[in-house]
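Examination of the molecular architecture
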Amino acid sequence: MTKQSPAPKQAGRHWFGYLSVLAASALFGSVFTVAKVPLETVDPLALAAVIYVISGISLIPFARASFRLKSRRELRYMVAVTGFGALAAPMLLLYGLQATSASDASILTNGEVLFTIILSSLFFGERPKGRLGMAAVGIVIIGLFIATTNMELSDTILQFNAGNILILASMLMWAIDNNISRRLLTFSDISPAKIAMLKSLFGGLVMLGVTVAAGRWGAIADLELNMWLIVAGLAVSGFGAALLFFLQGIKHIGTIKTMSVFSTTPIFGIAIAALVLGETITLFQGVATGMIIAGILLLSRR
């Protein structure tokens with residue numbers, strides 16, 4: 001009887017992992033709509049700083065307020081994930097959101113999925129198998145191309161939306177972060193909550209210092225209470241909780257399965273943008289979303 005007990009526990013961990021990533025997808029999908037509100041009056045750098053500081057503080061109870069790292073190796077990895085995932089990525093994302101629609105940004109989140117899988121194949125040996133696997137990568141790339149350009153022409157040359165390019169660049173930064181975080185979780189017993197707390201708090205404090213030094217704090221200081229509540233909700237749910245759930249998924253079901261479930265983010269993002277902002281879904285957006293999700297699901301099965 002005792003030999004059979006680990007199987008239900010393993011199944012339970014898998015279900016917890018899948019549900020965690022699904023929750024992360026829904027919460028992160030809300031970011032693209034909710035962030036539009038403060039971005040109308042707040043500089044993206046200042047907003048990113050405040051969001052990540054609040055996010056880091058909200059995660060302290062889950063990490064048991066532990067700031068201690070066990071080795072220099074852990075420190076090096078934490079510096080890397082902070083630089084890519086809590087500095088470069090959020091700044092690129094929020095600057096990109098100023099120049100594109102919430103629905104376009106939601107679709108482009110699957111750039112993170114593709115980049116993560118490509119980097120994972122290069123550094124962890126999880127390569128797409130056979131011609132079908134390579135075809136799946138091609139489908140995702142075409143879908144991202146359609147989403148980035150919306151197939152708009154100017155003098156017979158495709159127009160690349162600058163905001164979309166910045167969103168895609170932020171997804172590359174998070175993809176690098178994902179793979180480094182996976183490596184950190186593999187060789188260390190550090191908890192996902194601690195990784196999320198440390199990188200959010202330290203990244204936010206660095207951006208906060210840059211914001212003050214650059215003289216961009218004014219718009220934040222003048223925010224009214226209702227706007228502070230929106231920013232705090234965005235920080236705690238869309239970034240803090242989403243990151244915590246996402247890392248739990250990587251820990252329990254691995255990178256590829258996590259990213260395949262995370263590919264549902266555009267569905268939540270587009271639905272929320274349509275309901276709250278009244279954004280319409282274009283034919284090209286629908287085609288791009290379908291292609292990207294189909295490609296990601298095919299990749300995850302290979």
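First, a word on what this report is: a plain description of the structure on this page.

This part takes up a positive patch on the surface. A contiguous patch of positive charge on the surface is contributed by R72, R73, R76 and R183. In terms of residues, the positive patch owes the most to one element, helix α4 (residues 72–97), which gives 3 residues. Topologically, R76 is positioned in helix α4. Given the relative accessible area of 55%, R76 is considered exposed.

A cluster of nonpolar side chains, contributed by W15, Y18, L19 and L22, occupies part of the molecular surface with about 430 Å² of accessible area. By relative accessible area, which is 54% here, L19 ends up exposed.

Time to look at the environment of S30. Its place among the elements puts S30 in helix α1 (residues 6–34). Exposure remark for S30: the relative accessible area of 15% places this residue in the buried category. Taking the C-alpha atoms as reference points, S30 and A273, 243 residues apart in sequence, are found 8.1 Å from one another.

For the rest of this paragraph, the subject is the pattern of salt bridges. Tallied over the full model, the rule gives 3 salt bridges. The partner of R216 in a salt bridge is D43, with the nearest N and O atoms 3.5 Å apart. Highlighted residues: R216 in the loop between α9 (192–213) and α10 (218–221) and D43 in the loop between α2 (36–39) and α3 (44–59), separated in sequence by 173 residues. Relative accessible area serves as the criterion here: at 35%, R216 is assigned to the partly exposed category.

For the structure on display, the rule yields 7 aromatic pairs. An aromatic cluster of three or more residues is present, and its members are F28, F32, Y52, W174, F239, F246 and F262. Residue placement shows R73 over the ring face of F187; its charged tip is 3.8 Å from the ring centre.

Now for the nonpolar core. Core analysis: the biggest nonpolar cluster contains 75 residues, and F28, I51, L93, L94, L97, W174 and F239 have the highest contact counts within it. With 12 residues, helix α11 (residues 225–253) is the largest single contributor of residues to this core. In contact with I51, not counting residues within four places along its chain, are L94, V231, L234, A235 and F239.

Cut-offs used in this document
Starting from 1, residues in each chain are numbered consecutively following that chain's sequence as written. Residue-level local features of this predicted model are given only where pLDDT is at least 70; pairs of side-chain atoms are given and counted only at 80 or more, and the full residue set underlies all totals for whole chains, interfaces and linings. Just so you know, side-chain values use all the structure's heavy atoms and leave hydrogens and water out. Patch construction takes residues with relative accessible area above 30% that form no salt bridge. Like charges are linked within 9 Å, and nonpolar side chains (Val, Leu, Ile, Met, Phe, Trp, Tyr) are linked within 5 Å. We get accessible surface area from the Shrake-Rupley algorithm with a probe of 1.4 Å; when it comes to residues, only the shown protein chains can shield them. For this analysis, a salt bridge means a side-chain nitrogen from Lys or Arg found within 4 Å of a carboxyl oxygen belonging to Asp or Glu. Here the positive residues are Lys and Arg and the negative ones are Asp and Glu; neither His nor the chain ends is included. Every charge is mapped onto a representative atom, which is NZ of Lys, CZ of Arg, CG of Asp or CD of Glu. By definition, any uninterrupted DSSP run of H or I lasting at least four residues is a helix, any uninterrupted run of E lasting at least two residues is a strand, and each is numbered from the N terminus. Relative accessibility under 20% of the residue-type maximum defines a buried residue, over 50% an exposed one, and the middle range a partly exposed one, all with a 1.4 Å probe and only protein chains included. Think of it this way: a Phe, Tyr or Trp ring, Trp meaning its six-membered ring, pairs with another when their centres are within 6.5 Å, and the plane angle makes it stacked under 30 degrees, edge-to-face over 60, tilted otherwise. A ring has a charge above it when a Lys NZ or an Arg CZ is no more than 6 Å from the ring centre and no more than 35 degrees off the ring normal. In these notes, a set of buried Ala, Val, Leu, Ile, Met, Phe, Trp, Tyr and Cys residues joined through side-chain atoms within 4.5 Å is what counts as a nonpolar core. Residue contacts follow a heavy-atom distance rule, with two residues in contact if any of their heavy atoms lie within 4.5 Å.

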